[in-house]
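Descriptive analysis of the structure
Okay, here's what each chain looks like letter by letter:
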There are 2 protein chains.
Amino acid sequence: MDKLVIKDRLCKLRTEMKAAGIDCYLIPTSDFHDSEYVSSFFMVRNYFSGFSGSAGTLVVTGEDAALFTDGRYFIQAEQELMGTGIRLMKMGEPDVPTLKQYLEQQLGQEECLGFDGRVVRADDAAQYEEIVQKKQGHMCWERDLAEKIWLDRPALVHHPVFRLADCYSGEGADSKIARLRERMKSEDADVHILTSLDDIAWLLNIRGNDVESCPVVLAFCIITMEQVLLFADVREQSPWNRENRRYLQEMGVTLLFYEDFYGQIAGYHGKRILLCRARISCRLGKELPEDAQIIDRPNPTSLMKAVKNRTEMENLRIAHLKDGIAVTRFMYWLKQNVGKISMTEISAAEYLEKLRRKAEDFIEPSFETICAYGANGAIIHYSASEESCEEIKPEGLLMVDSGGHYLQGTTDVTRTFVTGPLSDEMKKHFTLVLRAMLNLRATSFLYGCRGVNLDIRAREVLWEQGFDYKHGTGHGVGYLLNVHEGPNSFRWKLMPDYEDNAVLEEGMVTTDEPGIYIEGSHGIRIENELLCRKGIKNDYGQFMYFEDLTCVPIDLDGVDASLLGETDRKRLNAYHQEVFERLAPYFQGDELIWLRHATREI
Amino acid sequence: MDKLVIKDRLCKLRTEMKAAGIDCYLIPTSDFHDSEYVSSFFMVRNYFSGFSGSAGTLVVTGEDAALFTDGRYFIQAEQELMGTGIRLMKMGEPDVPTLKQYLEQQLGQEECLGFDGRVVRADDAAQYEEIVQKKQGHMCWERDLAEKIWLDRPALVHHPVFRLADCYSGEGADSKIARLRERMKSEDADVHILTSLDDIAWLLNIRGNDVESCPVVLAFCIITMEQVLLFADVREQSPWNRENRRYLQEMGVTLLFYEDFYGQIAGYHGKRILLCRARISCRLGKELPEDAQIIDRPNPTSLMKAVKNRTEMENLRIAHLKDGIAVTRFMYWLKQNVGKISMTEISAAEYLEKLRRKAEDFIEPSFETICAYGANGAIIHYSASEESCEEIKPEGLLMVDSGGHYLQGTTDVTRTFVTGPLSDEMKKHFTLVLRAMLNLRATSFLYGCRGVNLDIRAREVLWEQGFDYKHGTGHGVGYLLNVHEGPNSFRWKLMPDYEDNAVLEEGMVTTDEPGIYIEGSHGIRIENELLCRKGIKNDYGQFMYFEDLTCVPIDLDGVDASLLGETDRKRLNAYHQEVFERLAPYFQGDELIWLRHATREI
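Residues numbered from 1 in each chain as written. Chains lettered and ligands numbered in written order. Predicted model: local features only at pLDDT ≥ 70, side-chain atom pairs only at ≥ 80, totals over all residues. Heavy atoms only, no water.

1. A word on the overall build of chain A
We apply this condition: Strands are runs of DSSP state E lasting at least two residues, helices are runs of H or I lasting at least four, and both sets are numbered from the N terminus onward. Just to be clear, the radius of gyration here is over C-alpha atoms, and the globule rule we use is 2.2 Å times residues to the power 0.38. For the accessible areas, the method is Shrake-Rupley and the probe is 1.4 Å, while residue cover comes only from the protein chains on display. We treat Lys and Arg as the positive residues and Asp and Glu as the negative residues; His and chain ends play no part in the count. A charged residue contributes its charge at one atom only: NZ of Lys, CZ of Arg, CG of Asp or CD of Glu.
Scanning chain A from terminus to terminus reveals 20 helices and 28 strands. Relative to the globule expectation of 25 Å for 602 residues, the C-alpha radius of gyration of chain A, 25 Å, shows essentially globular dimensions. Seen through its principal axes, chain A has C-alpha atoms that stretch 65 × 55 × 55 Å. As displayed, chain A has an accessible area near 23500 Å², and 48% of this comes from carbon and sulfur atoms. Placing the 70 positive and 95 negative side-chain charges of chain A at their respective mean positions leaves the two points 2 Å apart.

2. Observations concerning the pattern of salt bridges
All names here are of chain B. Condition: We define a salt bridge as a contact between a side-chain nitrogen of Lys or Arg and a carboxyl oxygen of Asp or Glu at a distance within 4 Å. With a 1.4 Å probe rolled over the protein chains alone, any residue whose accessible area is under 20% of its type maximum counts as buried; one over 50% counts as exposed, and the rest are partly exposed.
Inspection of every chain in the model, using the stated rule, returns 90 salt bridges over all chains. Ionic pairing is found between Glu 591 and Arg 329, a salt bridge with its closest N-O pair at 3.2 Å. With Glu 591 in helix H19 (residues 589–598) and Arg 329 in helix H14 (residues 310–337), this pair connects stretches of sequence that are 262 residues apart. The class of Arg 329 is partly exposed, set by a relative accessible area of 25%.

3. Overview of unusual backbone geometry
A cis amide bond links A:Gly486 with the next residue in sequence, A:Pro487, at an omega value of 0°. Checked against the element boundaries, A:Pro487 lands in strand S23 (residues 485–490). A positive phi is found at B:Gln136, a non-glycine position, where the angle reads about 50°. One can find B:Gln136 in the loop between helix H5 (122–134) and strand S6 (138–140).

4. Describing the packing of aromatic side chains
Within a pair of aromatic rings, the relevant descriptors are the distance that separates the centres and the angle that separates the planes. Residue and element names in this part refer to chain A. Here is the rule: Between rings of Phe, Tyr and Trp, where Trp is taken as its six-membered ring, a pair exists when centres lie within 6.5 Å; planes separated by under 30 degrees are stacked, by over 60 edge-to-face, and by other angles tilted.
This model, assessed by the stated rule, comprises 44 aromatic pairs over all chains. Each ring, one from Phe 231 and one from Phe 261, has its centre 5.5 Å from the other, and the planes form 65°; the classification is edge-to-face. Here the residue Phe 231 occupies a position in strand S11 (residues 228–232), and Phe 261 occupies one in helix H11 (residues 261–266), the gap between them amounting to 30 residues. Ring centres 5.2 Å apart and planes at 35° place the aromatic pair Phe 445 and Phe 546 in the tilted group. Here Phe 546 lies in strand S28 (residues 541–548) and Phe 445 lies in strand S21 (residues 445–446), a separation of 101 residues in the sequence. Just as Phe 445 is buried, Phe 546 falls in that class too. Three or more aromatic residues joined by ring pairs make a cluster, and in this case those are Phe 220, Phe 231, Tyr 258, Phe 261 and Tyr 262.

5. Thoughts on the relation of the copies chain B and chain A
So the rule is basically this: The least-squares superposition of copies is restricted to C-alpha atoms, and to residues with a pLDDT of at least 70 in both copies. Contacts were defined at the residue level, with two residues in contact if any of their heavy atoms lie within 4.5 Å.
Rotating chain B by 180° and translating it 0.0 Å along the rotation axis places it on chain A, where the RMSD comes to 0.0 Å. What the rotation and shift describe, once combined, is the action of a two-fold rotation axis. Relative to the rotation axis, the C-alpha of B:Asn453 is the closest in chain B, positioned 2.5 Å from it. Of the interface residues in chain B, 100% have counterparts in chain A that sit at the interface too, so the contact is made through matching surfaces.

6. Concerning the sheet that holds strand S14 (residues 293–296) of chain A
Within a sheet, each strand pairs with its neighbour through backbone hydrogen bonds, oriented either parallel or antiparallel. All names here are of chain A. Using the following cut-off: Pairing between two strands is assigned when DSSP locates at least 2 bridges connecting them. Here, axes are lines fitted to C-alpha atoms. For helices the fit covers the stretch in contact, and angles between N-to-C directions go from 0 to 180 degrees.
The six strands are arranged S12-S11-S10-S8-S13-S14 in an open sheet whose pairing can be described as mixed. Two strands lie at the open edges of the sheet, namely strand S12 (253–257) and S14, each paired on one side alone. Within the sheet, the average angular offset between the axes of one strand and its neighbour, ignoring direction, is 25°. By the bridge criterion, four bridges tie strand S8 (residues 191–194) to strand S10 (residues 220–224) in an arrangement that is antiparallel. Paired with Val 191 across the strands is Thr 224, a residue of S10.

7. Here we look at helix H19 (residues 566–583) of chain A
For clarity, the threshold we go by: Expected span, for any helix, means 1.5 Å times one less than how many residues it has.
In this model, H19(A) (18 residues) spans 26 Å end to end at C-alpha, consistent with the 26 Å of a helix rising 1.5 Å per residue. Of the residues making up H19(A), those classed as buried are A:Asp568, A:Arg571, A:Leu572, A:Asn573, A:Tyr575, A:His576, A:Val579, A:Phe580 and A:Leu583.

8. Remarks on the packing of H14(B) against helix H15 (residues 345–357) of chain B
Two quantities define a packed helix pair, namely the angle between the axes and the distance from one axis to the other. Residue and element names in this part refer to chain B. We apply this condition: Should an angle lie under 35 degrees it is considered roughly parallel, over 145 roughly antiparallel, and from 65 to 115 roughly perpendicular; all remaining angles are considered oblique. With the far helix as reference, a near helix turned anticlockwise by less than a right angle produces a left-handed crossing, and one turned clockwise produces a right-handed crossing.
Here H14 crosses H15 at 140°, and the two axes come no closer than 8 Å. It follows from the interaxial angle that H14 and H15 lie oblique. For H14 against H15, the interelement crossing comes out right-handed. Taking contact as the criterion, the partners of Asp 323, Ala 326, Val 327, Arg 329, Phe 330 and Trp 333 in H14 are, on H15, Ala 348, Tyr 351, Leu 352, Leu 355 and Arg 356.

9. Observations regarding the interface of chain B and chain A
What counts is decided by this rule: Buried area is understood as the total, over both parts, of accessible area removed when two parts are fitted together, assessed with a 1.4 Å probe. Pairs of N or O atoms within 3.5 Å make up the polar contacts considered here, provided that, within protein, one atom can donate a hydrogen while the other can accept it, and that residues adjacent in sequence are counted only when both atoms are side-chain atoms. We call Asp, Glu, Lys and Arg charged. Ala, Val, Leu, Ile, Met, Phe, Trp, Tyr, Cys and Pro are nonpolar, and the rest, Gly among them, are polar.
Tallying the contact residues gives 31 residues for chain B and 31 residues for chain A. It is B:Trp463, B:Trp492 and B:Tyr540 in chain B that bury the most area against chain A; as a group they hold 25% of the surface buried on that side. One can count two salt bridges joining chain B with chain A. Between B:Glu460 and A:Arg457 there is a salt bridge; the shortest N-O distance is 2.7 Å. If you look at where chain B meets chain A, you find twelve residue pairs in polar contact (both at pLDDT 80 or more). Each residue belonging to the side of chain B that touches chain A can be placed in one class, and the counts come to 16 nonpolar, seven polar and eight charged.

10. Things to note about the environment of B:Ile346
All names here are of chain B. Its location among the elements puts Ile 346 in helix H15. Each C-alpha atom of the pair Ile 346 and Ala 574 lies 33 Å from the other, and the pair is 228 residues apart in sequence. Beyond its immediate chain neighbours, meaning those up to four positions away, Ile 346 contacts Ala 384, Ser 385, Glu 386 and Cys 389.

11. Quick word on the side chain of B:Ser30
Residues and elements named next belong to chain B. Along the chain, Ser 30 falls in the loop between strand S1 (24–27) and helix H2 (44–49). Residue classification places Ser 30 among the buried positions, given a relative accessible area of 8%. The contacts of Ser 30, once residues within four sequence positions are left out, are Ser 35, Val 38, Phe 42 and Val 119.

12. As for the packing of helix H16 (residues 424–441) of chain B against helix H17 (residues 451–463) of chain B
Residues and elements named next belong to chain B. Orientation of H16 relative to H17, taken along the N-to-C sense of each, is 155°, at an axis distance of 8 Å. Between H16 and H17, the crossing angle belongs to the class labelled roughly antiparallel. In this structure, the crossing between H16 and H17 has a hand that is right-handed. Between H16 and H17, the residues in contact are Leu 432, Val 433, Arg 435, Ala 436, Asn 439 and Leu 440 and Leu 454, Arg 457, Ala 458, Glu 460, Val 461 and Leu 462, respectively.

Just geometry here; none of it tells us what the structure is for.
Given below as structure tokens:
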């Protein structure tokens, strides 16, 4: 992106701000549904800053512009913001103000803070409002200033919808709706408003393609004891074919226009409305009738969805086997061909996708593949572009973080592959990351533990040596839904706003992905997905353990065996034995011989 | 305690309840200052239930009586409540309601919940009030029903006060008050109300003896920008001698009558009052002027006090050396004499106290010594009585958890001693507990970690084998103040109300005390105190580590070396080498020979 283009766009934005009487304009990364990944219509922050990461907030004043993002994106943001005049605010670093502290500093007395209230969360907006009130200023949430500036903005599109059969979901939508109504009853709620796309898709067993890599359907949903209202695209050329419409009808779901959602909300006078303030938009919050009683709780579907049922668990094992076959074939191809044929980060990623597409019931990649060679591996969420794309050479490390959506579930796996000679330091780092991953996955713990308790099991291995990684150790994973899903995660910092620190329940799926990133040199991340299971129960309580879902060899060429303890070695060998046993039936000839070697005991 | 006596007291209480129109009466364990340990005047729950543990809440209705206590006291409470008709509610166990859930069940429509509002925390009372309102009932917090029943109740006494010199405190009270006022300014507060006794003692560098084992002064304190008001005993025969009064005067502290505190509070109309709702009493909350603005924050002194300064750190090392000498001499005496001379749990504890008293600047034990032989060791907070007191035999295990107050600080140490042959199981348990203790203490971590992140470092060793202990792994320790002190601790469950999950700062002292308790057989706990220190700082952040304060050998007769990993062995040997080097100059002859053997490399 040309830096002058960005400067020009900011200039136009400031003109619009002036015209609207806005002194400080805030652009988060979200859609009307608090989605993490958004469709191109919503990429306003990217448009005005040039920063293409998946998370960040741009704040523009008359004089200043600042972009707040987290540790995953520091290096990338530095590169992309260079020359734009936009300052990078590295969230969580010492001496860097939080977004709220920054707003307090920037906003003058009686000034106006503006943003598009449809893409800012109600609880964030409430905090901004406090700041504004302290300054006797005001807040303008009704306007989207991009409208007049971004003339070639992509349209808001609705894609075809399909129904997820019970053999995949393991539970009919009628049963899910009934369970949700039970929860509503126990909260004494008349109405439940659900705006998060993955919750809606899960509840109704429907899937779509309205956000890249997230098979969700752009919709709002309202559940009462009598009705389920779904606000979606119901025009002539609608993505809802007759069969789907009949399915919804049978389920007692009424299909309404997407745009009519706010009007419906305004009518719930005097009702007890269950919703999650942390997930609804500022605009929705403002449209609620004043006399409604709000019961502010995490969406009940969030926990229900995270706890995979028996069918989903069994399907996930199948999905990971298919995915493991594809990634292992990729590993074989890579190790055989690197240095012999030409390959780049992009062509390698394409080859991997081609292998995945061969699997039955594969739908699409579950996120944009990170295929990062050498120094690019240190950019935690690196995205190769035609310009920056590196040739993969027969030396050093290639990190590949990728995943797929299958009818049997969603996968997310990272392997760092050795493409040729490594320095001792690289081997040391590889071995440390491996030990960290193995250590967390081997944890036996009492029921009641949360990610915040367990995170150190991975990190302790690195901390002992003075290393760390500036991202969570793991995140929940949806079932043919968002690859990042709450309310479970592995994270050590307490973030009360994040809703990702739930007690780990049997059936929850969480990734285990520690890393070491050396700027300008290399990056290593190794990621398995872990399924939480019940272990023994005794007087002390219910013990829990993790089952590996991911089924891909770990590149032994990166391991310095002298740095493994006896326990590490046993864990690694046991994992590789299991990988071999599961994969072997699908490999033959040279590939099978290679697989046996790749999963050998060390 | 005769069970009939308890039944009779409950009967009288029910008569009083009836007369006062109270349907459900709640008796917590506290004083007017939210203290953990209380002077005998406040032992109302003990009086009515016979349960003598340090934590528990009794709830009495017309028909029912229930005592809520935590895992430390399950076995003891079961024994002490037997035959009283009082049901034991094991807090945190599955299917046991929380106190609030229980109140919801017990309270009928329009019924009255009563308690002494001076000994119930304001935030708890607010939650009770919600429950009462749901039932259209009311709350009576103005009466202490024990008054008319407990006729021989001990008086509320004020003991002599002394000033802690700057060479012990490391910071003058004037400087502490100035720091506190800075915090008040940053919170825009006019008035700060401080009712917790250890905070007051720390702030003014005064100590007393008004709660057993806690060298605090019974007082309330109010700080404004101009004044410091201390409400304490100022009668003729006051504990404040002329010198102390002059000290306070010089510090600008005005001494007022203890009883006049509430009257003063009521006068702060329209003021911005900084206080900690979780620490003030219901009565204080009710007496605040309605037009005052409350700034509800943890007491700033709580964090300031927990972060020991350079002088305090250096003094603590001295206190622990003196304490280590006494406990190690006790260990020598025990191992030499068990089976040869008669010794009981009580006589052994007395001997240990005698050894501690020999140290210069020793003041008193920092809590009642737990000296528990054999099966008594499984009672986590066992207290030997003349009746239950066990003879110590030359077999099995003796657990001794004890500590002292010195001018140089407060100690808390647990060692489990082997007095003769052990079963393999006992050795296994001993070795597991030792490994757990060593593992946590060896943790290297990034600044920002809280106890909730680190707790698993101890517990993982036991969880792996299906064991656990039903208490926190560790608590903060005061400086010549409460042996249990916030806001730091090691605990895995998130307890938002506890205020003991602060970020670990350099200078904080926390105990590391895992255990295994086998009911009817034995109990093992090993406890070191850890001082949090800054380690290396690099691009990842500030790394932290723990320094051992405790300086007492760990009984190698309990260790099964075959169950130690190489890392465990190194840690143990390094600790013992340090213990030997620090203690050796104070030991001679046979004792020194024994010490060398007791700290030998294994």
